[in-house]
Amino acid sequence: MHSSRTQMSSRAVLAVMKSCSGFSSVSVGKQVHGLVVNYGFDLDVYVQTALMDFYAKNGDFFSAREIFDGILVKDPVCYNCLISGYSKTGDVMAAECLFDEMKERTVASWNSMISCYANNGYHYKALEIFERMQAKNVPPSQITLVTLLSLSAKLRDLQLGLKVKKLIGDRNIFINTIVLTAIVKMFVQCGAVDEARQEFDGMSTRDALAWSSMIAGYAQNRRPTEALQLFERMKREQIRPNDVVLVSVLSACSQLGSVEAGECIAAYIETQDDLASNVYVASALLDMYSKFGNIAKARQAFDGMPDRDIVSWNSMIVGLAVNGFAEDAILLFEKMKETEVKPDGITFVGLLTACSRTGLVELGLEFFRSMELQYRIEPNIEHYACIVDLFCRTGRLNEAYEFVGRMEMEPNVVIWSALLSASRTYLNIELAELCVEKLLKLEPENSGHYVLLSNIYASLGRWQAALEVRNLMKNKRVQKVAAYSWIELENMVHKFLVGDTSHPRSNEVYNIIDGLTMQSIYAHSDVDSIVDI
């Protein structure tokens, strides 16, 4: 248009600058800026705002501010543009100064400042701005509501979320799918999964984000069966799952131990090129295979990943460690060090677990010391628990107890339980009594601690002491947690308690068990007869 000497308009400039902002075409944008000055459009407030938006989006705040300062009559759009730019770079103070000097504010101005605070970690300042907005009787927009609902989810503040939801009802605000999805996500993040499902079921239309929020909610709140059921419904309604949905359902399969369902989902992923190469999906897939004990499949998923992040490396290292491939886990860590990926706390949980499973005490202690000295990673309670387990598995109970005494944080249930379990193995009654004393303060209702101490006394022939522990448990009305067995059949997991009759086919089950018992008795009778002969 310019080369053909066609008359240029400010509208054409706005369209070109919008394209330059969207595609980050810095050099082209600067050339257009030069033409704007030549054609005399540089005093047009709309063109100035477009130029300012272009420079702000490309991180050139000196040029953006220079244009802003040159605008003679600044409207709220100019301010909002620069506030949003400062927000994205984390310059909250600059955004605050602009907001405070505004003589006129629109709802977009308030939204820009609320988002600025919320996205940069100043959550309670975001709420203060919203309170000021309400005090000025500025009606919230849908963007305001979504930002506040997202903030409620981030803070896991159910009361704030309910307050926003009440505001929608009180003011009879029209809400779209985006706001309804934000409500679902807020309930999910706050642990109110049933309330989230109620909102989800009430939606007339649901996008992929609504489905992924609800399915992820079930998986994150340890309700895997409902996650898989909703996923099946999603497929029936012919909604294509995104990466968040697949990561959630793979996690649900891991929680249930449902190999058949997991393999079905894995087969589906393999047919979708964009999902199969997705680093999050691939990491979830190898994590699921690791938890099923299928390390060959996990390694196949890992080796097939075009790109690997820290989650991928950690999933593979931890998977190898917990499945008994300690040396492979340590070798993989050495390979990881050759890449640009830096280890984190989870990496060292995997390495310490590998050392614990193979009795590599000195190497484990070396890894533990290197966390702070070499990688500037502060050990947490999980790392301390790994070291205690490392000592306990090799029978070094005194060193384990001394290590616990030197801990910089209060030992938790996992650490005392590891010591108690080792005390039973090596029949160290003094340490066992000390551990139980600590555990009963932390978990007075846990029957396992009483039972373990009673069993230790029984192993040493101290029957009276064992009986006293059982009586103490009875007097305190501590109930033993019932264990159950489960079996997967035709993509469904069936659970059974001792003497359980709640299963719809329990009569058939017991008839088969009785038949097997009779066959076993007859088989033993026949063997005894042959021996007598």
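Keep in mind that what you see is a predicted model, and the values were worked out from it rather than measured. (Residues numbered from 1 in each chain as written. Predicted model: local features only at pLDDT ≥ 70, side-chain atom pairs only at ≥ 80, totals over all residues. Heavy atoms only, no water.)

**Quick look at the confidence of the model for the chain**
Consideration 1: Confidence along the chain averages 82 in pLDDT terms, with 81% of residues attaining 70 or more.
Consideration 2: Across residues 1-7, confidence stays below pLDDT 50; counting only partners more than four residues off in sequence or on other chains, it has eight contacts.
Consideration 3: Here residues 527-533 is modelled with pLDDT under 50, and outside its nearest four sequence neighbours on either side it reaches zero contacts, counting other chains as well. (pLDDT = per-residue confidence, 0-100. Contact = heavy atoms within 4.5 Å.)

**Let's talk about the side chain of threonine 353**
Consideration 1: You can see threonine 353 is positioned in helix α22 (residues 345-358).
Consideration 2: Take threonine 353: its relative accessible area is 13%, and that puts it in the buried class.
Consideration 3: If near-sequence neighbours (up to four positions away) are discounted, threonine 353 is found in contact with Ala321, Val322 and Cys386. (Helix = DSSP H or I, 4+ residues; strand = E, 2+ residues; numbered from the N terminus. Buried < 20%, exposed > 50% of the residue type's maximum accessible area, 1.4 Å probe, protein only.)

**A few points about α22**
Consideration 1: Taking 1.5 Å of rise per residue, 14 residues should cover 20 Å, and α22 covers 20 Å from first to last C-alpha, within 8% of that figure.
Consideration 2: For α22, the tally of buried residues reaches ten of 14 residues, placing the bulk of the element in the interior.
Consideration 3: Those residues of α22 that sit buried are Thr347, Phe348, Val349, Gly350, Leu351, Leu352, Thr353, Ala354, Cys355 and Ser356.
Consideration 4: The secondary structure elements touched by the buried residues of α22 are α20 (310-322), α21 (326-336), α23 (361-373) and α24 (381-393). (Expected span 1.5 Å × (residues − 1).)

**Some remarks on the packing of aromatic side chains**
Consideration 1: Evaluation of the coordinates by the stated rule reveals eleven aromatic pairs.
Consideration 2: When the centroid spacing of 5.2 Å and the interplanar angle of 75° are considered together, the rings of phenylalanine 302 and tryptophan 313 count as edge-to-face. Of this pair, phenylalanine 302 sits in helix α19 (residues 295-303) while tryptophan 313 sits in helix α20, placing them eleven residues apart in sequence.
Consideration 3: An aromatic cluster of at least three residues, connected via ring pairs, comprises Phe333, Phe348, Phe367 and Tyr375. (Phe/Tyr/Trp six-rings, centres within 6.5 Å; stacked < 30°, edge-to-face > 60°.)

**Concerning the packing of helix α14 (residues 224-236) against helix α15 (residues 243-256)**
Consideration 1: The interhelical angle for the contact between α14 and α15, taken along N-to-C directions, is 140°, at an axis separation of 8 Å. Looking at the two axes, α14 sits oblique to α15. At the point where α14 passes α15, the crossing takes the left-handed sense. Note on element contacts: α15 touches α14 through Val245, Leu246, Val249, Ala252, Cys253, Gln255 and Leu256, opposite Pro224, Thr225, Ala227, Leu228, Phe231 and Met234.
Consideration 2: When the residues that make up the contact of α14 with α15 are grouped by side-chain class, the tally is eleven nonpolar, two polar and no charged. (Axes fitted to C-alpha atoms, helices over the stretch in contact; angles between N-to-C directions. Parallel < 35°, antiparallel > 145°, perpendicular 65-115°, else oblique. Left-handed = near helix turned anticlockwise from the far one by under 90°. Nonpolar A, V, L, I, M, F, W, Y, C, P; charged D, E, K, R; others polar.)

**Some thoughts on the nonpolar core**
Consideration 1: Counting residues in each nonpolar core, the largest one holds 146 residues, and the members touching the most others are Met214, Ile265, Val388 and Leu419.
Consideration 2: Look past the residues within four positions of leucine 419 in its chain and what remains in contact with it is Val388, Cys392, Leu397, Ala400, Tyr401, Val404, Leu431 and Cys435. (Core = buried A, V, L, I, M, F, W, Y, C linked by side-chain atoms within 4.5 Å.)

**Section: the packing of α23 against α24**
Consideration 1: Following both chains from N to C, one finds α23 and α24 inclined at 165°, their axes separated by 10 Å at the closest point. Considering their axes alone, α23 and α24 lie roughly antiparallel with respect to each other. The two elements α23 and α24 cross, and the hand of that crossing is left-handed. Facing Val361, Gly364, Leu365, Phe368 and Met371 of α23, the residues of α24 in contact are His383, Tyr384, Ile387, Leu390 and Phe391.
Consideration 2: Taken together, the residues that form the contact of α23 with α24 break down as eight nonpolar, two polar and no charged.

**A few points about the pattern of salt bridges**
Consideration 1: Using the criterion set out here, one finds 17 salt bridges in the structure.
Consideration 2: Put simply, arginine 396 and glutamate 399 hold a salt bridge, and the shortest N to O gap is 2.7 Å.
Consideration 3: Judged by relative accessible area, which is 26%, arginine 396 ranks as partly exposed.
Consideration 4: For glutamate 399, a relative accessible area of 32% corresponds to the partly exposed category.
Consideration 5: Residues participating in the shared-partner salt-bridge network are Arg197, Asp201, Arg233 and Glu237. (Salt bridge = Lys/Arg side-chain N within 4 Å of Asp/Glu carboxyl O.)

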